[in-house]
Every structure is written in C-alpha cells, then in structure tokens.
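Now for the letters of each chain:
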Amino acid sequence: MTPQENGRVTSELWVVAEHSGDAVDRVTFELLGEARRLAKEAGGQVCAVALGDHVTPLVESLAHYGADTVYVVEDERLRYYDPNLVVATVGHLCSIRHPALVLFAATTTGSDTAIRLALERQWPFAPGCVNFHWNDGDIEMVRPMAGQKLHAIIGAARPGPRVASVVPDVLGFDAPDKKRSARVVSAEVVVPERSRVDVGEFIAGDPRTLDIAHADIVVAAGRGMGSKENMQLVEDLAAVLGGSVGGTRVVVDLGWLPRERQVGQTGAVVKPKLYVACGISGATQHTIGMRDAATIIAINTDAGAPIFKIADLALQADVTEVLPVLTQQCRQAGGR
Ligand SMILES: Cc1cc2nc3c(=O)[nH]c(=O)nc-3n(C[C@H](O)[C@H](O)[C@H](O)COP(=O)(O)OP(=O)(O)OC[C@H]3O[C@@H](n4cnc5c(N)ncnc54)[C@H](O)[C@@H]3O)c2cc1C
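Quick caveat, the model's predicted, so the values are computed rather than measured.

It is worth spelling out the overall build of the protein at this point. In terms of regular secondary structure, the protein is built from nine helices and 17 strands. For the C-alpha atoms alone, the extent of the protein along its principal axes is close to 70 × 40 × 40 Å. Expressed as a percentage of its 336 residues, the buried residues of the protein come to 43%. Within the protein, counting contacts between residues at least 6 apart in sequence, those at least 24 apart form 64% of the total.

Structure follows, in structure tokens:
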C-alpha cells in the first residue's frame, strides 16, 4: 500500500507543524486535512511533528484537525528556528518511523527544512505542491508549473519518505473535530555533530513589509488616499494592527507603493482575515484579488462605490479624517 524503504513498509503520513509558539498556523490544518484524506483512501496514520520550546499545548488542536499521533519535541534550543536542530531531529525521527510522506508548509522555514532534509538524506523531494494522490500504492505529488498553466505529477524514483512542501491557502481545511484526540510520543532534540549554519539571534520581521499573500491583515490604499504623503496613514493603521500594506494598481503606478504590494488580477491574490480598503473604488480587477478576505472594511467618500457591495463594514467617510481616529482607537484598544 505504501512506499518501501529497505524492505520496510510504513503507513505513517507526516505533517511537520508550523506554529507561532502559542497557536498552530492554519497552513498546518490544511496539511493535516490532506494527510487525513490520503489516509482515508488507503489507510494509515496521520502524524504531526511539533518542535519548539513549549509545544505540548498545541497537541489538542493538531488532533482536532486530523493528527492521530503527535511527535512532540520540546527543548528550549528549539525556541527559534534553527535548521541544524530541526533537520537533524526530523531526519532522525524519520529514520526510526519510516513515514511514507513528510509534508512541510511551503513557507520560509518549512521550505528551508524540507529541502535540507531531502538533500541530506537523498530522499525524493517535490517543492510547492498543491495536491497528492495514490498511484499503485505509492504517493504522487502534484505541483503547478509554467506559471500555473500545467500540473506536473511527480512520482519518486528512489526509496525513502516522499518529502514535499505545500503551498499555503490552496487546499483549505474542514472545521475541527473537537472529539478527536491524539497519542503523544515525546522525542529528544538531535544536535548534529557538525553545523552548517550558525544561528545568531532572532530578529522579528516588520509585519507591514510581510508578503501580502500570507498576511492575516492587509490595510490597502487606493487613489482616494490623495497623495504619497498620506500613505503614512495606511502604514500607521497597518502597524497598530500588525498587518501588511497593500494597494491598487493605480497606487503602484503612481509610485506610492512598490509593485509587489499590488492586489488584484495583475497583482497578488490575498485571503486575509481582515482587509481594510482605504479610498479604493472596487474595480473588478482589484476585487478579484481580495474578495475572499474573511472580513472587509471599506472607507470611501462615495456612497455608490462598488467596494461597498462586498464590504462587511462600509464607512462613507474621508480617509484622511477616519484613518487617524481608527489608528488611535486601535492603539487604545491594545494594538501595537
Ligand atoms: C488589464 C487590467 C488589469 C488590472 N489589474 C489590476 C490589479 O491587479 N489591481 C488593481 O487594483 N487594479 C487593476 N487594474 C486597474 C483597475 O481597473 C482600477 O483602475 C483600479 O483598481 C482603481 O484603483 P483605485 O480604486 O485606487 O482608484 P479609483 O478607481 O480612482 O478609485 C478611487 C476611490 O477613492 C475614493 N476617494 C476619493 N477621495 C477619497 C477620500 N478622501 N476618502 C475616501 N475615499 C476617497 C473615490 O470615491 C473612489 O471610489 C487593472 C486594469 C486593467 C485594465
């Protein structure tokens, strides 16, 4: 049913959890859902691997979203991402359990671990996958190519766990099953004899400059901001909310924001929990890139602006008046 390594048959499907310390990232729920689906089709155990300095509290939600077993590696040296320790520890666990598949999120750290692990162990690797399926007892990995126009189906020529990174926000996930629980297996961190990377310190990124495609909160600017100087009002609200700054093509063309901040048909498609549209009319080419946001707040002087049709909260007001007040109130309410 599942791939073999040195004659061993395994039926474990692994998800290496991403978390912020106190909560599991939603991409991990997507990966668990995909592993559950594969397990349902052909049997097998869904296992999550949680590494960090205080990860035991995360077991519950990993179980709710599909893990049967959680390998918990708790060590203060894992507080911040250290590829030496993570690769050595996950590699060691794999060499004991021989999982069929090891899924990582295609995030900065997930991609980094996945490729290091696969290269070090010479295991089959497929980056940026969007789907998986069984074929004659083996797992095939599907990834887009040629600018998403083609899908490559990747089968492994070598034995060993199939290692894949998975693009966030593609698979989606079901509601948690709060009745599920998971077996917990504690494991020790593995410190390699030789380190290729020396981890100095952890420097938190500025959320305003995070990739908008992955931001939970996006504060976006349109021509209605009036001037480049007024963009500071959008930056201020983003800063207090811990959000990222985006904008329309007009704003990018005017030079108020760099091209990678553009949302829409010819920019990024975003799906944040909150999207604040400031002085944006709501042209289709823009809304195509943000209409799936969980909550949309729109501020516009024109009551007939199309953006109001998709907004959960419509504020008919001047952005230069409303934004400073909103920022101030968010700060008072405990923002950054
Ligand atoms: C092929 C093609 C691809 C495109 N791709 C994209 C894309 O990827 N992304 C994108 O965004 N656009 C794209 N566009 C452009 C798109 O059609 C719109 O022109 C653009 O989204 C409009 O930007 P805007 O809302 O900033 O400006 P406008 O449409 O000019 O809207 C400005 C809004 O601000 C309001 N306003 C003015 N002053 C204030 C104030 N003081 N306070 C509050 N509100 C105020 C106005 O009422 C108005 O609704 C594309 C167009 C084409 C043809």
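That was the structure; now back to the text.
Moving on to the environment of glycine 243. One can find glycine 243 in the loop between α5 (231-241) and β14 (244-247). When the 27 C-beta atoms within 10 Å are taken as the criterion, glycine 243 is described as buried. Sequence spacing of glycine 243 and isoleucine 212 is 31 residues, and the spatial spacing of their C-alpha atoms is 8.8 Å. Setting aside its immediate chain neighbours within four residues, glycine 243 contacts Pro207, Ala215, Ile217, Val218, Val219 and Ala238.

Bringing the pairing of strand β9 (residues 138-145) into the picture now. Here strand β8 (residues 131-135) pairs with β9 via five bridges, running antiparallel. Following the sheet pairing, asparagine 135 is matched in β9 by aspartate 138. Hairpin connection from β8 to β9: two residues lie between these consecutive antiparallel strands, with aspartate 136 at a positive phi of about 55°. Sheet topology places β9 next to strand β10 (residues 150-154); five bridges connect them, and they run antiparallel. Counterpart to methionine 145 in the pairing with β10 is leucine 150. Counting the residues in the hairpin turn of β9 and β10 gives four residues, including alanine 146, whose phi is positive at 50°.

A few words on the packing of helix α3 (residues 83-97) against helix α4 (residues 108-121). Where α3 contacts α4, the two axes come as close as 10 Å, and the packing angle between them is 55°. By the angle between their directions, the pair α3 and α4 is classed as oblique. Note on packing geometry: the crossing formed by α3 with α4 is right-handed. Contacts between α3 and α4 involve Pro83, Val86, Val87, Val90 and Gly91 on the former and, on the latter, Asp112, Thr113, Arg116, Leu117, Glu120 and Arg121. Along the lines of polarity and charge, the residues of the contact of α3 with α4 split into five nonpolar, two polar and four charged.

Below, the discussion takes up the nonpolar core. Counting 57 residues, the largest nonpolar core has Leu32, Ala48, Val49, Ala50, Leu62 and Leu103 as the members making the most contacts within it. In contact with leucine 32, not counting residues within four places along its chain, are Val15, Val46, Ala48, Leu62, Tyr65, Gly66 and Ala67. Judged by nonpolar contacts, the second largest core, of 38 residues, contains Ala213, Val245, Tyr275 and Leu323.

Here we come to the sheet that holds strand β13 (residues 217-221). Ordered in space as β14-β13-β15-β16-β17, the five strands form an open sheet in which the pairing is parallel. Only two strands of the sheet have a single partner each, and these edge strands are β14 and β17 (313-316). Averaged over all neighbouring strand pairs, the angle between strand axes comes to 15°, with direction disregarded. Two elements, β13 and strand β15 (residues 274-278), share five bridges in a ladder whose sense is parallel. When the sheet's bridge partners are listed, valine 219 is paired in β15 with valine 276. The strands touched by α5 are β13, β14 and β15; relative to β13, the strand with the most contacts, the crossing angle is about 175°.

Further remarks concern the site of the ligand. As a matter of local geometry, the ligand sits amid 29 residues, with Gly222, Gly224, Thr248, Gly264 and Ser281 nearest to it. If you list the elements that add at least two residues to the shell around the ligand, you get α6 (249-253), α7 (284-287), β16 (295-300) and α9 (319-332). If one sorts the elements of the shell around the ligand by residue count, α6 sits on top with three residues. For the shell around the ligand, the residue count by class is eight nonpolar, 17 polar and four charged.

On to the domain arrangement of the protein. With domains assigned, the protein is organised as domain 1 (4-187) and domain 2 (207-332). Domain 1 and domain 2 are separated by 34 Å when their C-alpha centres are compared.

Along its 15 residues, α3 runs 21 Å from first to last C-alpha, staying within 8% of the 21 Å computed at 1.5 Å per residue. Buried within α3 we find Leu85, Val86, Val87, Ala88, Thr89, Val90, Gly91, Leu93 and Cys94. Next to the buried residues of α3 lie β3 (12-16), β4 (45-52), β5 (69-74), β6 (101-105), α4 and β12 (183-187). Looking one or two residues past α3, histidine 98 carries a phi angle of roughly 50°, positive in sign.

Positive phi is not limited to glycine here, since glutamine 122 has a value of about 60°. Among the secondary structure elements, glutamine 122 is positioned in the loop between α4 and β7 (125-129). The backbone of aspartate 136 sits at a positive phi, close to 55°, despite the residue not being glycine. One can find aspartate 136 in the loop between β8 and β9. Of the residues examined, aspartate 136 has 7 C-beta atoms within 10 Å and is grouped as exposed.

Thresholds, definitions, all that
- Residues numbered from 1 in each chain as written.
- Predicted model: local features only at pLDDT ≥ 70, side-chain atom pairs only at ≥ 80, totals over all residues.
- Helix = DSSP H or I, 4+ residues; strand = E, 2+ residues; numbered from the N terminus.
- Buried ≥ 20, exposed ≤ 12 C-beta atoms within 10 Å, placed from the backbone.
- Contact = placed C-beta atoms within 7 Å.
- Pairing = 2+ DSSP bridges.
- Axes fitted to C-alpha atoms, helices over the stretch in contact; angles between N-to-C directions.
- Parallel < 35°, antiparallel > 145°, perpendicular 65-115°, else oblique.
- Left-handed = near helix turned anticlockwise from the far one by under 90°.
- Nonpolar A, V, L, I, M, F, W, Y, C, P; charged D, E, K, R; others polar.
- Core = buried A, V, L, I, M, F, W, Y, C linked by C-beta atoms within 7 Å.
- Near = placed C-beta within 6 Å.
- Domains from an automatic or database assignment.
- Expected span 1.5 Å × (residues − 1).

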